[in-house]
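Residue-level listing of the chains:
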Amino acid sequence: MPLGKVTSYGAIATYLGAARSARMVGWAMNKAHNLEDIPAHRVVNRKGLLTGKHHFDGTNLMQQLLENEGIVVVENQIQDLEKVFWNPSEEL
């Protein structure tokens, strides 16, 4: 996933051919959030909410990681989601 972009659990599920499995993607991201080569902090819900933030150390680590990449977050909500959204299915 490109630096400075976010995607959703559902977009990943659709890309994997399991469109109704967004929750499973969420579980996988929960298990992977500490792995350096998996940018789990860039995965948000379909509305751009930081629903996975509680799985990161510290209260605002997910937001801080996103902001370090230039993504604006206000009250746990990605701003200008359509500008920073990356759809993996479009990469095919």
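The coordinates are above.
These lines cover the structure that appears in this document, whether it is placed above or below. (Residues numbered from 1 in each chain as written. Predicted model: local features only at pLDDT ≥ 70, side-chain atom pairs only at ≥ 80, totals over all residues. Heavy atoms only, no water.)

## As for helix H3 (residues 61–68)
To keep it simple, the criterion reads: Here the term buried applies to any residue with accessible area under 20% of the maximum for its type, exposed to any over 50%, and partly exposed to those in between, with areas from a 1.4 Å probe on protein chains only. Strands are runs of DSSP state E lasting at least 2 residues, helices are runs of H or I lasting at least 4, and numbering of each runs from the N terminus. Here the arc refers to the set of directions running from the helix axis out to each C-beta atom. Between two residues, a contact is recorded if the distance between any of their heavy atoms is within 4.5 Å.
What H3 keeps buried is the set Met 62, Gln 63 and Leu 66. Projection of H3 onto a plane perpendicular to its axis shows the buried side chains occupying an angular sector of 95°, all on one side. Next to the buried residues of H3 lie strand E2 (43–44), strand E3 (73–74) and strand E4 (77–78). Where H3 ends, the next residue or the one after it, Gly 70, has phi of about 90°, a positive value.

## A word on the side chain of Arg 42
To be explicit about the condition: Polar contacts here mean pairs of N or O atoms no more than 3.5 Å apart (in protein, one a potential hydrogen donor and the other a potential acceptor; neighbouring residues in sequence count only if both atoms are side-chain atoms).
Tracing the backbone shows Arg 42 in the loop between helix H2 (22–32) and E2. A distance of 2.9 Å separates the side chain of Arg 42 from the backbone oxygen of Met 1, its partner in a polar contact. A distance of 2.9 Å separates polar atoms of two side chains, one belonging to Arg 42 and the other to Glu 69. Apart from the residues within four sequence positions on either side, Arg 42 is in contact with Met 1, Pro 2, Leu 3, Lys 5, Val 6, Thr 7, Leu 66 and Glu 69.

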